[in-house]
Amino acid sequence: MTDEHEHTVTTAPPVDWDAQAARFDAEPDHGLRDPEVRAAWAARLRSWLPRHPADVLDLGCGTGSLSLLAAGQGHRVTAVDLSPAMVERARAKLAGRPAEVLCGPAEAPPVGRLRFDVVLVRHVLWTLPDPARALRHWRELLRPHGRFVLVEGVWGTLHPVGIPAGRLTALLAPLAADVRVERLSGDPVLWGKEVTDERYAVVAAV
């Protein structure tokens, strides 16, 4: 990814997520309704999250699909989304699980003094007006030896939107001691289709 390309990438246009909530899970990687797609995400999540039961903060959780996988793997989940409609669906999906779903902004989640072992974020950081500031705040929410698990990418060709891996790793450099990038574009099962744009996960220990 060249510096020139990175400078052309823009942030997300405003989206009415309440209006999107009813059809959000129709996307294969959102709803994880297909067993193969769900299994692929479950395997990735198992490799990214701690092996022991941990406290996971899922920011911008949408309808709670990743939260459900994490809870199913034995983790205690606090999920946060700005959209009341998304939160309603996430609460229904996570009913009976060791999980709490809160309504609030991802960049300033309403978790008070709680601290977590993992900050999990998928396709959210690139939508925020100040990603660096959000990352600094999230770092404060992590316990010692905690980790970021950030799934991001760049979408589109003529007018790409997103956050390239190079930019995200640079933002994390002062906050984390160990930053690992895992490329995801080459795994079509994750997305329910072949993709050619940049998709990746960053796992960063603090």
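Criteria and thresholds
Residues numbered from 1 in each chain as written. Predicted model: local features only at pLDDT ≥ 70, side-chain atom pairs only at ≥ 80, totals over all residues. Heavy atoms only, no water. Core = buried A, V, L, I, M, F, W, Y, C linked by side-chain atoms within 4.5 Å. Buried < 20%, exposed > 50% of the residue type's maximum accessible area, 1.4 Å probe, protein only. Helix = DSSP H or I, 4+ residues; strand = E, 2+ residues; numbered from the N terminus. Contact = heavy atoms within 4.5 Å. Salt bridge = Lys/Arg side-chain N within 4 Å of Asp/Glu carboxyl O. Pairing = 2+ DSSP bridges. Right-handed = clockwise from strand over helix to strand, strands pointing away.

Participant: So what exactly am I meant to see when it comes to the nonpolar core here?
Facilitator: Note that soluble globular proteins tend to have their nonpolar side chains buried in a common cluster. With 32 residues, the main nonpolar core has L135, W138, F148 and L168 as its most contacted residues. Contributions of two or more residues to this core are made by β1 (55-59), β4 (116-122), α7 (131-140), β5 (142-155), α8 (165-172) and β8 (198-205). A total of 4 residues in this core trace back to one element, the largest contributor, which is β5. For F148, the residues in contact, after removing those within four places along its chain, are V119, L135, W138, R139, L142, L172, V202, V203, A204 and V206. Among the nonpolar cores identified, the runner-up in size contains 30 residues, and L49, V56, V87 and V149 belong to it.

Participant: Where do I start with helix α5 (residues 65-72) in this structure?
Facilitator: Owing to its 3.6 residues per turn, the α-helix aligns residues three or four sequence positions apart on the same side. In terms of residue burial, α5 counts as a mostly covered element, since 6 of its 8 residues are buried. All buried positions along α5 are accounted for by S65, L66, S67, L69, A70 and A71. Just downstream of α5 lies G74, where phi reads positive at about 95°.

Participant: Whenever I open this one, the pattern of salt bridges confuses me. Can you help?
Facilitator: Side-chain pairs of opposite charge can arise whenever the charged atoms involved come near each other. This structure, assessed with the given rule, holds 8 salt bridges. Two residues, R44 and D187, come together in a salt bridge whose shortest N-O distance is 3.0 Å. Of the two residues, R44 sits in helix α4 (residues 35-48) while D187 sits in the loop between β7 (178-183) and α9 (188-191), which places them 143 residues apart along the sequence. Residues D55 and R76 are paired through a salt bridge, measuring 2.7 Å at the closest nitrogen-oxygen approach. Of this pair, D55 sits in strand β1 while R76 is found in strand β2 (residues 76-81), placing the two residues 21 residues apart along the sequence. Classification of D55 by relative accessible area gives buried; the value is 16%. One salt-bridge network, in which partners are shared between bridges, spans R44, R180, E182 and D187.

Participant: What should I look at first to understand the pairing of β5 in this one?
Facilitator: Side-chain direction in a regular strand flips from residue to residue, so the side chains alternate between the two faces of the sheet. Among the 14 residues that make up β5, 10 are buried, leaving the element largely enclosed by the rest of the structure. Bridge analysis of β4 against β5 gives 6 bridges, and the strand direction is parallel. Looking at the pairing, F116 lines up with L142 of β5. Each parallel crossover has a hand, and the one from β4 via α7 to β5 is right-handed. Both β5 and strand β6 (residues 161-162) contribute to a ladder of 2 bridges, which runs antiparallel. Paired with W155 across the strands is V161, a residue of β6.

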